Amino acid sequence: QKEVEQNSGPLSVPEGAIASLNCTYSDRVSQSFFWYRQYSGKSPELIMSIYSNGDKEDGRFTAQLNKASQYVSLLIRDSQPSDSATYLCAVNRDYGGSQGNLIFGKGTKLSVKP
Amino acid sequence: DVKVTQSSRYLVKRTGEKVFLECVQDMDHENMFWYRQDPGLGLRLIYFSYDVKMKEKGDIPEGYSVSREKKERFSLILESASTNQTSMYLCATKRGGNQPQHFGDGTRLSIL
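A brief report on the enclosed structure follows. Every value quoted in this text rests on a predicted model; they were computed, and no experiment measured them.

How each quantity is defined
- Within any chain, residue numbers begin from 1 and follow the written order of that chain's sequence.
- Lettering for chains starts from A, numbering for ligands starts from 1, and both go in the order in which the items are written.
- Residues qualify for local features only when their pLDDT is at least 70, as the model is predicted, and side-chain atom pairs are given and counted only at 80 or more; totals for whole chains, interfaces and linings, by contrast, use all residues.
- Processing note: side-chain calculations cover all non-hydrogen atoms of the structure and skip hydrogens and water entirely.
- Buried, partly exposed and exposed residues are distinguished by accessible area as a fraction of the type maximum, computed with a 1.4 Å probe on protein chains only: under 20%, between the cut-offs, and over 50%, respectively.
- By the criteria applied, helices consist of DSSP H or I runs no shorter than four residues and strands consist of E runs no shorter than two, each listed in order from the N terminus.
- Two strands pair if DSSP finds at least two bridges between them.
- Between Lys or Arg on one side and Asp or Glu on the other, a salt bridge is scored when a side-chain nitrogen of the former is within 4 Å of a carboxyl oxygen of the latter.
- Axes, fitted as lines to C-alpha atoms, cover a helix only where it is in contact. Angles between the N-to-C directions of the axes lie from 0 to 180 degrees.
- For the purposes of this analysis, a disulfide is any pair of cysteine sulfur atoms at a distance within 2.5 Å.
- Side-chain rings of Phe, Tyr and Trp, where Trp is taken by its six-membered ring, are said to pair if the distance between their centres is within 6.5 Å; with planes under 30 degrees apart they count as stacked, over 60 as edge-to-face, and otherwise as tilted.

### Brief notes about the pairing of strand S8 (residues 71-76) of chain A
Residues and elements named next belong to chain A.
So, point 1. Burial analysis of S8 places 5 of its 6 residues in the buried class, the great majority of the element.
So, point 2. Two elements, strand S3 (residues 19-25) and S8, share 6 bridges in a ladder whose sense is antiparallel. For cysteine 23, the partnering residue across the bridge sits in S8 and is valine 72.
So, point 3. For strand S7 (residues 61-66) and S8, the ladder comprises 6 bridges, and the chain directions are antiparallel. Residue pairing across strands places phenylalanine 61 opposite isoleucine 76, the latter belonging to S8.
So, point 4. The hairpin formed by S7 and S8 contains 4 residues between the paired strands, and glutamine 70 there has a positive phi angle of roughly 55 degrees.

### Quick word on the pattern of salt bridges
So, point 1. Tallied over the full model, the rule gives 9 salt bridges over all chains.
So, point 2. As a salt-bridge pair, glutamate 45 of chain A and arginine 37 of chain A come within 3.0 Å of each other at their nearest N and O atoms.
So, point 3. The exposure class assigned to arginine 37 of chain A is buried, which follows from its relative accessible area of 13%.
So, point 4. In this structure, arginine 44 of chain B engages aspartate 38 of chain B in a salt bridge whose closest nitrogen and oxygen atoms are separated by 2.8 Å.
So, point 5. Since its relative accessible area comes to 11%, aspartate 38 of chain B is described here as buried.

### Describing the sheet that holds strand S8 (residues 73-78) of chain B
Residues and elements named next belong to chain B.
So, point 1. Spatial strand order, S1-S3-S8-S7: 4 strands in an open sheet with antiparallel pairing. The open sheet has two free edges, formed respectively by strand S1 (4-6) and strand S7 (64-70), since each of these has just one partner strand. Between one strand axis and the next, the sheet turns by 20 degrees as a mean value, whatever way the strands run.
So, point 2. The pairing of strand S3 (residues 19-25) with S8 spans 6 bridges and is classified as antiparallel. Bridge pairing in S8 links cysteine 23 to phenylalanine 74.

### Section: the state of the cysteines
So, point 1. All chains considered together, the criterion is met by 2 disulfides over all chains.
So, point 2. Across a sulfur-sulfur distance of 2.1 Å, cysteine 23 of chain A and cysteine 89 of chain A are joined as a disulfide pair. Taking the sign of the torsion about the S-S bond as the criterion, the disulfide between cysteine 23 of chain A and cysteine 89 of chain A, at about -70 degrees, is left-handed. Residue cysteine 23 of chain A is located in strand S3, and its partner cysteine 89 of chain A is located in strand S9 (residues 85-92); the two are separated by 66 residues in the primary sequence.
So, point 3. For cysteine 89 of chain A, a relative accessible area of 1% puts it in the buried group.
So, point 4. Between the sulfur atoms of cysteine 23 of chain B and its disulfide mate cysteine 91 of chain B the distance is 1.9 Å. Taking the sign of the S-S torsion, -75 degrees for the link of cysteine 23 of chain B and cysteine 91 of chain B, the bridge is left-handed. Pair noted here: cysteine 23 of chain B is in strand S3 and cysteine 91 of chain B is in strand S9 (residues 87-94), with a separation of 68 residues, a long-range link. Considered together, cysteine 23 of chain B and cysteine 91 of chain B belong to a single accessibility category, that of buried residues.

### Considerations on unusual backbone geometry
Residue and element names in this part refer to chain A.
So, point 1. Going from glycine 9 to proline 10, the amide bond is cis rather than trans, its omega being 10 degrees.
So, point 2. Topologically, proline 10 is positioned in the loop between strand S1 (4-6) and strand S2 (11-14).
So, point 3. Positive phi, close to 55 degrees, is recorded for glutamine 70, a residue that is not glycine.
So, point 4. Considering the arrangement of structural elements, one finds glutamine 70 in the loop between S7 and S8.
So, point 5. The exposure class assigned to glutamine 70 is buried, which follows from its relative accessible area of 10%.
So, point 6. Notably, aspartate 78 is not glycine yet its phi reads approximately 45 degrees, a positive angle.
So, point 7. By relative accessible area, aspartate 78 is classed as partly exposed at 40%.

### Here's the deal with the packing of aromatic side chains
So, point 1. Evaluated as defined, the whole model comprises 11 aromatic pairs over all chains.
So, point 2. For the pair tyrosine 36 of chain A and phenylalanine 103 of chain B, a centre-to-centre distance of 5.6 Å together with 85 degrees between the ring planes defines the contact as edge-to-face. Taken together, the positions of tyrosine 36 of chain A in strand S4 (residues 33-38) and phenylalanine 103 of chain B in strand S10 (residues 102-103) put the pair across two chains. In this structure, tyrosine 36 of chain A and phenylalanine 103 of chain B share a single accessibility class: buried.
So, point 3. Ring geometry for phenylalanine 33 of chain B against phenylalanine 48 of chain B: centres 6.2 Å apart, planes inclined by 25 degrees, an arrangement best described as stacked.

Encoded structure:
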């Protein structure tokens, strides 16, 4: 059973701090990794895609990928109360005709305190 | 911008009814997906489609069927609704290859 694991949280950080969200995956051949943000009662919104080992930065967000360790992380710098949401890690299923399918973690709930 | 439209935000139906959930996209994406999301269980894939008239079962297809007669439209059908199908239903689309999926706003379905 291919899996994506995330700490469910809640992760609580003060405003202005760095929030660090972590994700591990079991399928060694996965090639595509995504972070989605989901506000309560809303649908998931894509915030980052990463395909290669290393860091990828977009504004206050940095995604980090280590394929050897099967580990993906998301750093949020200068956290704001508006960042309070559940963050979903998603990894592609790379087999057969299902390369476009994603396996989602259950999400980490982030709370940024003013 | 990616636009995925689900026909209803909230829907209330009775057990035994046949329920249709519609999803329309305007990006000419080949791939479309239906998920349900429940507290503690996360997102679970019901059905997906890689092309018109093509459909594949996901992880939890029982009690559901789908239809894709046109590229832009993917319908989820609950053949005979049951209370355990009360959930948030999410449609997603993507281009081919390793592109991300983009979600509609979701339909919160209650079966009474």
